[in-house]
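# Secondary and tertiary structure notes
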Amino acid sequence: QGQLVESGGGLVQAGGSLRLSCVASGRTSSTNAMAWFRQAPGKERDFVAAISGGGYTTYYAESVKGRFTISRDNAKSTVYLQMNNLKPEDAAVYYCAARPSTLASQQGNGYQYWGQGTQVTVSS
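Just so it is clear, the structure is predicted and the values come from calculations on it, not from any experiment. (Residues numbered from 1 in each chain as written. Predicted model: local features only at pLDDT ≥ 70, side-chain atom pairs only at ≥ 80, totals over all residues. Heavy atoms only, no water.)

A few words now on the pattern of salt bridges. Two side chains with opposite charge may pair up if their charged atoms get near one another. The final tally for this structure, using the stated rule, is 3 salt bridges. A salt bridge links Arg 38 to Asp 90; the shortest N-O distance between them is 2.9 Å. One end of the pair, Arg 38, is in strand 4 (residues 33-39); the other, Asp 90, is in the loop between strand 8 (78-83) and strand 9 (92-99), and 52 residues separate them in sequence. Comparing Arg 38 with Asp 90, the two get one shared label, buried. Among the ionic pairs, Asp 90 bridges to Arg 67, the shortest N-O distance being 2.7 Å. Residue Asp 90 is found in the loop between strand 8 and strand 9, and its partner Arg 67 is found in the loop between strand 6 (58-60) and strand 7 (68-73); the two are separated by 23 residues along the sequence. Three or more residues are tied together by salt bridges with common partners; here these are Arg 38, Arg 67 and Asp 90. (Salt bridge = Lys/Arg side-chain N within 4 Å of Asp/Glu carboxyl O. Helix = DSSP H or I, 4+ residues; strand = E, 2+ residues; numbered from the N terminus. Buried < 20%, exposed > 50% of the residue type's maximum accessible area, 1.4 Å probe, protein only.)

By the secondary structure assignment, Ala 104 is in the loop between strand 9 and strand 10 (113-114). When the C-alpha atoms of Ala 104 and Lys 43 are compared, they prove to be 24 Å apart, with 61 residues separating the residues in sequence. Ignoring sequence-local partners within four residues, the contact set of Ala 104 consists of Ala 33, Ala 50, Ile 51, Ser 52, Tyr 59, Arg 99 and Tyr 111. (Contact = heavy atoms within 4.5 Å.)

Within the structure shown, the criterion is met by 1 disulfide. Paired by a disulfide, Cys 22 and Cys 96 hold their sulfur atoms 2.0 Å apart. Here the disulfide of Cys 22 and Cys 96 is left-handed, its torsion about the S-S bond being about -80°. In this pair, Cys 22 is assigned in strand 3 (residues 18-26) and Cys 96 in strand 9, connecting sequence segments 74 residues apart. The buried category is assigned to Cys 96, whose relative accessible area is 0%. (Disulfide = S-S within 2.5 Å.)

Have a look at this one:
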């Protein structure tokens, strides 16, 4: 089984920054395309950002463009999500996901492995 472990969530004031990390192990390859999704209470899970296996292609939700940056270090089997200028509406549980392809996707059903999530809380 593939395993994904997220970290880096926490409480931050609006306008602040956080960096989330996701370490992949097990059957997840260091070159799998990976993504971040988020889910706020009472809402559906939403796409946030995705990165291809080589790191050359990235996708972002419109709501986070210009504020969030996804990156990866394949030597460490780790994907990051740098979140700047956080807004209260960014508060959610953030999930890391990996898919059995090097091609990134914005569709959640394309991802096979999911982490347990890390909570991000933004105070206004």
